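These are the residues of each chain, in order.
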Amino acid sequence: MDERNKQFFTIMEAPQHIQISDYTYSLPDERIAAFPLPERDASKLLVYREGTITESVYRNIDAFLPGGSLLVFNNTRVINARILFRKSSGGTIEIFCLEPAGTINEYNTVMSQTGQSAWKCMIGGASKWKEGPLTKQLTIQDTAVTLEVQLLEKLADAYKAVFSWQPAHFSFAEIIAAAGDVPLPPYIKRTATGGDTERYQTIYAESEGSVAAPTAGLHFTGAIFEKLALSHISHEFITLHVGAGTFKPVKASTMQGHLMHAEWIDVSAATIRNLVEKLKDGIIAVGTTSLRTLESLYWLGVKAHQQPDAASLQLLQWDVYEAPLSNTTLTAAEALQALLKWMQQRNMVAIFTQTQLLITPGYRFRMVMAIITNFHQPQSTLLLLVAAAVGQNWRSIYDYALNNDFRFLSYGDGSLLYIDL
């Protein structure tokens, strides 16, 4: 990976004028997986490398990965973000928690809050919520709990609401687990069931905060991890809390008019040091969220190198396509070392920040050699990311999947895509 990054740098073409209509395909409703398969690792696996497509299943994925490589997983945990409140008149108001409101330093602190917690939310039926709080009765550990939500203000793209509850000693994590439902994506047109509580969650999910699953990881099992270890393929965990914006359609004709959603990443210094060590062996991102986090770390390192006195680091939507970042010649190892130095000077054991990184055709990958990912919606930023990795071959990949009975989207099958240089 370092050798590739030492190649002559050419400025990336700005993606603002990319037309989203060029990245569409016909996806019949019956190809969208409404339920997961009974066995996680029985899902089909499409493997793309250097223009060639082969087919297998996830339980055999180790056979297609280079020995010594590193798989990077997103260990975020999906919260029961969808909460239904019933008005005294009988109508229903749906509160969909997006992310904590205000300044936060880490998600664990927010999820541990007792008595009260403020969140940025989407609200279904907001026009029918005229005034006053809404209440909901819960039972947690055989204790009756009253949950109340108060609308504070309307934001540009959502609402700010504050939850409060009695008894106050329960954490918000306990409250939302009892009060909410699994937030299945909008294209799964059914009510969540008890089975979704387990299956819309990776087996290694740990850090609570996502409102959507990092779905590429849903296929992995303990048996796969054992096979990977036997092949000397190691793994590492990062955290990106997936927001509802991951399903946000691109409605503008060009990317200039699309606002990329921001998401929180949380990566330890120890993990970053391991990434530096494994660059030479090859890093493979499990999911688009892991990939965005890994690539964001590179650019945060570039910022740390260019602005060593910066009080904070974050990535905005167009940063990497514009000077001064676009002029960098830093290798991945050099950028990560710069980021580690910046963190060490501030006694930081982890970096917690937001990224709006938009990866589109024309982007040159710095950190990864391949990505493991599901099949994505037409005209989505996730499909643009795939096209950035494999170029126009994304069409032949998706045509193959459609013509060979692959299941699409969150509960569907997936792919291992080696990035075209």
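Residues numbered from 1 in each chain as written. Predicted model: local features only at pLDDT ≥ 70, side-chain atom pairs only at ≥ 80, totals over all residues. Heavy atoms only, no water.

(A) Representation of the side chain of K303. Summarising the element assignment, K303 is placed in helix 7 (residues 288-306). Once residues within four sequence positions are removed from consideration, K303 is found in contact with P308, L313, Q314, L315, D319 and L325. (Helix = DSSP H or I, 4+ residues; strand = E, 2+ residues; numbered from the N terminus. Contact = heavy atoms within 4.5 Å.)

(B) Inspection of the nonpolar core at higher detail. Core analysis: the biggest nonpolar cluster contains 89 residues, and M367 and F408 have the highest contact counts within it. If you look at the next biggest cluster of nonpolar residues, it comprises 39 residues, including C97, V110, C121 and A244. (Core = buried A, V, L, I, M, F, W, Y, C linked by side-chain atoms within 4.5 Å. Buried < 20%, exposed > 50% of the residue type's maximum accessible area, 1.4 Å probe, protein only.)

(C) Seen up close, empty space enclosed by the protein. A full pass over the atoms with the stated rule returns 3 cavities of 30 Å³ or more. Computed from the structure, the largest cavity encloses a volume of approximately 220 Å³. Forming the boundary of the largest cavity are 21 residues, of which T215, T246, F247, H376 and L382 lie nearest the centre. Among the secondary structure elements, those contributing two or more residues to the lining of the largest cavity are helix 7 and strand 16 (370-374). A class-by-class count of the residues in the lining of the largest cavity yields 10 nonpolar, 11 polar and no charged. In this structure, the second largest cavity encloses a volume near 90 Å³. (1 Å grid on protein atoms, 1.4 Å probe; cavity = no way out; pocket = protein on both sides within 12 Å on 5 of 7 lines; lining within 4 Å. Points joined across faces, edges and corners; volume = space filled by probe spheres on them. Nonpolar A, V, L, I, M, F, W, Y, C, P; charged D, E, K, R; others polar.)

(D) Looking closely at the confidence of the model for the chain. In the predicted model, the chain carries a mean pLDDT of 93, and 97% of its residues have values of at least 70. In the model, residues 1-13 has pLDDT below 50 throughout and makes 38 contacts with residues more than four positions away in sequence or in other chains. (pLDDT = per-residue confidence, 0-100.)

(E) Layout of the sheet that holds strand 6 (residues 92-100). With antiparallel pairing, the 6 strands of this open sheet are ordered in space as 5-6-7-10-9-8. Two strands lie at the open edges of the sheet, namely strand 5 (82-86) and strand 8 (134-140), each paired on one side alone. Across this sheet, the average inter-strand angle for adjacent strands is 40°, counted without regard to direction. Bridge count for strand 7 (residues 116-124) against strand 10 (residues 159-166) is 6 bridges, and the pairing is antiparallel. (Pairing = 2+ DSSP bridges. Axes fitted to C-alpha atoms, helices over the stretch in contact; angles between N-to-C directions.)

(F) Structural context of the environment of D405. Positionally, D405 belongs in the loop between helix 10 (394-403) and strand 17 (414-418). Taking the C-alpha atoms as reference points, D405 and R31, separated by 374 residues in sequence, lie 7.9 Å from one another. With near-sequence residues (within four places) excluded, D405 lies in contact with R31, K44 and D413.

(G) Examining the sheet that holds strand 13 (residues 263-268) more closely. Across the sheet, 9 strands lie side by side as 2-1-17-16-14-3-12-13-15; this open sheet has mixed pairing. The two strands at the open ends of the sheet, each matched to only one other strand, are strand 2 (52-57) and strand 15 (350-355). On average, adjacent strands in this sheet sit at an angle of 25° to one another, irrespective of strand direction. Taken together, the 6 bridges between strand 1 (residues 44-49) and strand 2 define a ladder with antiparallel strand orientation. Bridge pairing links L46 to E55 in strand 2. Running over the sheet, helix 7 touches strand 3 (70-74), strand 12 (234-241), strand 13, strand 14 (283-286), strand 15 and strand 16 and is turned about 70° from strand 13.

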